[in-house]
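Residue-level structure breakdown
In case you want the letters, here they are:
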Amino acid sequence: MDVGADEFEESLPLLQELILDADFVGLDIEFTGLRSNLTGPQQISLFDLPSEWYLKTRQSVQQFTICQIGLSVFSSVERESNKYVAHSCNFFLFPTTFGILDSEFSFQASSVQFLNHYGFNYNKFLKNGIPYMNEEQEKKIKHNILCGNWKVRSSLDKDQIKVVIDEVTRWLDLAEEGEWMTLPGIAGFQAFEVELVLRQALPNIWTVLNEQGVIVKKVSKQHRWYLENTSCDRASCWRDKILLSAKGFSVFFQMLVKAQKPLVGHNMMMDLLHLHEKFYRPLPESYDQFKQNIHSLFPVIIDTKNVTKDIWKELNFPRVSNLSEVYEVLNSNLNPTKNSGPEIMHSHDCEKYVETKYPHEAAYDAFLCGSVLLKVAHLLLEKVHGIDPIPESTFPQYLDVLAPYVNQVNLIRAGVPKINFSGPDYPSIRPPILILSVRKWPGVNEQQVYREFQNLCKFDVRRLTRSQFLLLTNKFKDARNILKEYRRHPTLQVSLYRYWKHSPNINCLLQVCGIVTTWALLAFILGRSSP
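Criteria and thresholds
Residue indices begin from 1 for each chain and proceed along its sequence in written order. Owing to the predicted nature of the model, reporting of local features is limited to residues with pLDDT of at least 70; listing and counting of side-chain atom pairs is limited to 80 or more, with chain, interface and lining totals taken over all residues. Values shown for side chains rest on all heavy atoms present in the structure; no hydrogens or waters enter the calculation. Numbering of helices and strands runs from the N terminus; a helix is a DSSP stretch of H or I covering at least four residues, while a strand is a stretch of E covering at least two. The buried label applies to any residue whose accessible area, calculated with a 1.4 Å probe on protein chains only, is under 20% of its type's maximum; exposed applies above 50%, and partly exposed to all values in between. Working convention for charge: Lys and Arg count positive, Asp and Glu count negative, and His plus the chain ends are omitted. The rule for a salt bridge is simple: a side-chain nitrogen of Lys or Arg has to be within 4 Å of a carboxyl oxygen of Asp or Glu. Only heavy atoms enter the contact rule, under which two residues are in contact if any of them lie within 4.5 Å. By this rule, a helix spans an expected 1.5 Å times one less than how many residues it contains. Lining residues are defined by having an atom within 4 Å of a point belonging to a cavity or pocket. Those points lie on a 1 Å grid over the protein atoms alone, cavities being sets where a 1.4 Å probe fits but cannot get out and pockets being open sets with protein on both sides within 12 Å along at least five of seven lines. Grid points are joined across faces, edges and corners, and a volume is the space filled by probe spheres set on the points.

Looking now at unusual backbone geometry. Positive phi, normally seen in glycine, also occurs at Arg-79, with a value near 60°. Inspection of the secondary structure assignment puts Arg-79 in the loop between β3 (66-76) and β4 (83-92). Positioned with a positive phi, Gln-260 is a non-glycine residue whose angle comes to about 55°. In this structure, Gln-260 sits in the loop between α10 (249-259) and β10 (263-265). On the basis of relative accessible area, Gln-260 is assigned to the partly exposed category, the value being 38%.

As structure tokens, this is what we get:
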């Protein structure tokens, strides 16, 4: 099911009911860009501590925005053993442009090409995207609405509203009291904006919003005063309606947070960063504060990338490179529990996913995330029970076997492979750092060193001294190969990096200590030899 601004408010009651009845929610998000083209020390690197990786990535999250969120709500079927139904929805989003709010964001050409290749509907995103805001933006707009200090922001809206006022003014000159006209094609919080402008500009009209658009009625000033003071249309009620409509998807986000259902994604670190920035609060400078905030919003997070990466080799499954391939393997005869695992159905409004694959459509990928979770959990449950028959499986049982993976989110290109949202991060299990000592290559830089090794493997490179560089890879095999290949190289010597041996700071400290010791010894000798 695709949901834009026109359909969103009608769908909210059903969405709330689905969330409250759910066992868990699958999530996937598409963005206008992934990562800024930063250079030098601002690029993410295998050398980065999680806090350093976070600060670098934070900049990209602030630069790009969400264009589509996919949710797949999984619920167990009553009186059916190990059977689940998935309700999947695509939400097209566009930042709120109301009053003082006028967000700026960037597009990344590669991301646009990627989504366009998979049939992304940019028209729906740009023309019918659901508005949203975070809590800080909500406070600002609420303050301005309460103070009556708001204005039409974009020149397009100004032109449209001028046309509307001119049209209504011409109609008023000819209309009799009690007659009405319709302004079609105006919906969402823009309709509230039009109504507010008309009511402020014209004292002898009243407006009502319905399915056809904005209804304008000619009334007397006495009747206008009465309408303004009725219980259903007081100023406070009016302001609440405007704010609720302008908040858009953020209303549903708050429902999702309140429900406290397990949230499931695949390689979902960027998703969590954007959820925090766009719907909760601007990302804090403190990495630890970010972790605390996410854990309070979503106490149970499961990253299927982290789970499958951990168990894939153990199960002797073939190598996979993306979520779709993971799903295909688990859905094939390679999976020993294929026929005994959970049965997953699509709801009637998502039947297009039954026969056809829609990779990188957010709701479809969210469905894959949830399906992978259930299938992997069943594999783990069978492993726990061994040859003993598995009792009737339930989602709480699946959560029990997934406990080691809860709140562990995969991290791409950093000093640690994952982030722990419910406690301290685990120490690095990356291969050891190598040190490259260069001879007879004046002026060598990191890019030249990278190109030297790129045919053998990929290393992150960081300069240590004028002629020394640190090398780091995420594969132990690559580290062993480089040590072997360059063991006797005449100008490039590669060895294991030892902090106490190779650190410039330690070397400097040792030199200073050596000088101090030498002078002290010399002073002692001279002192003894003097009469």
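With that settled, consider the side chain of Asp-478. By secondary structure assignment, the location of Asp-478 is in helix α19 (residues 476-485). Buried charge without a salt bridge: Asp-478, with Lys-475 as the nearest opposite-charge side chain at an N-O distance of 5.0 Å. Apart from the residues within four sequence positions on either side, Asp-478 is in contact with Cys-457, Phe-459 and Thr-473.

With that settled, consider helix α16 (residues 362-385). A rise of 1.5 Å per residue sets the reference length of α16, with its 24 residues, at 34 Å; its end C-alpha atoms lie 35 Å apart and thus fit the reference within 8%. Within α16, 20 of the 24 residues are buried, leaving the element largely enclosed by the surrounding structure.

Glancing now at empty space enclosed by the protein. For the coordinates displayed, the defined rule picks out two cavities of 30 Å³ or more. Roughly 50 Å³ of internal volume is contained in the largest cavity. Taken together, Leu-27, Ile-69, Leu-71, Phe-249, Phe-253, Leu-256, Leu-263, Leu-275 and Phe-298 form the lining of the largest cavity.

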